[in-house]
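Results of the structural survey
Each chain, written out:
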Amino acid sequence: MYEYGDTKLHIVEGDITKMEVDAIVNAANNTLLGGGGVDGAIHRAGGPIILEQCKKIGGCPTGEARITTAGNMPSKYVIHTVGPIYKDGTKGEDKLLYNAYYNSMKLAKEYKLKTVAFPSISTGAYGYPKEEASKIALRAVMDFIDEEDYIEEVYFVLFNHKDYELYEELLNQTFKEQ
Ligand code: ADP
């Protein structure tokens, strides 16, 4: 566990659908109609109510975020955000990825949520280089805390050990572990 101001930051290796937090974040696509990777896992675990609510929302621009219930999952809400498809790094990908994290934090705060779990947005099918993406993720979360408000606990949930180690190194470099 790491501390940044009044926020506790955690890294977890595992499946985000199992997280018992106020909101898990989904790396969705612009349609919000489901897909592969973490998006598919969330819709499968949460059940059809999530898709029903997503259809009513009607899509989400890249870098923005929308919220639904979490259906059958132990969390209360799903914050659906859309990260960029990585092309060559010169198409504003960094700002869009940053916005995806920042706007997810903002929405969590609007709903008065205390605990939020993020997957590694854009680093699967969307091809964002993982090390760069992890730095942007952490920067956006820290900036939100500095500029807006704290959230009690933020979890970075990594789906494999290599990704976990990458975050562990980044957080160890950035903070002293508590
Ligand atoms: P994107 O299209 O934004 O790249 P993906 O779902 O393809 O989204 O991948 C994003 C990240 O989510 C990848 O690092 C992948 O390993 C991870 N991932 C896939 N399934 C899960 C899951 N059930 N829980 C947490 N992370 C997951």
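Residues numbered from 1 in each chain as written. Predicted model: local features only at pLDDT ≥ 70, side-chain atom pairs only at ≥ 80, totals over all residues.

Below, the discussion takes up the UniProt feature "domain: Macro" (unreviewed entry) in the protein chain. Mapped onto this numbering, the UniProt entry annotates "domain: Macro" (unreviewed entry) at residues 1-175. Across residues 1-175, helical content stands at 40% and strand content at 21%; the span's end C-alpha atoms are separated by 10 Å. (UniProt positions renumbered as here; feature names shortened; annotations may be inferred. Helix = DSSP H or I, 4+ residues; strand = E, 2+ residues; numbered from the N terminus.)

Once that is clear, we can look at the site of the ligand. Taken together, 20 residues form the shell around the ligand, and within it Ala27, Gly37, Gly124, Tyr126 and Phe159 come nearest. Take the shell around the ligand: its biggest share by element is four residues, from helix H1 (residues 37-46). Here the residues of the shell around the ligand are counted per class, giving 10 nonpolar, seven polar and three charged. (Near = placed C-beta within 6 Å. Nonpolar A, V, L, I, M, F, W, Y, C, P; charged D, E, K, R; others polar.)

If you trace the seven strands from one edge of the open sheet to the other, you get S1-S2-S7-S6-S3-S5-S4, paired in mixed fashion. Two strands bound the open sheet, and with one partner strand each, they are strand S1 (2-4) and strand S4 (65-69). Neighbour-to-neighbour, the strand axes of the sheet open up by a mean angle of 25 degrees, direction not taken into account. Here strand S2 (residues 7-13) pairs with strand S7 (residues 153-158) via six bridges, running parallel. Paired with His10 across the bridge in S7 is Tyr155. On top of the sheet, helix H2 (residues 48-57) reaches S4 and strand S5 (77-82); it is set at about 140 degrees to S4, its chief contact. (Pairing = 2+ DSSP bridges. Axes fitted to C-alpha atoms, helices over the stretch in contact; angles between N-to-C directions. Contact = placed C-beta atoms within 7 Å.)

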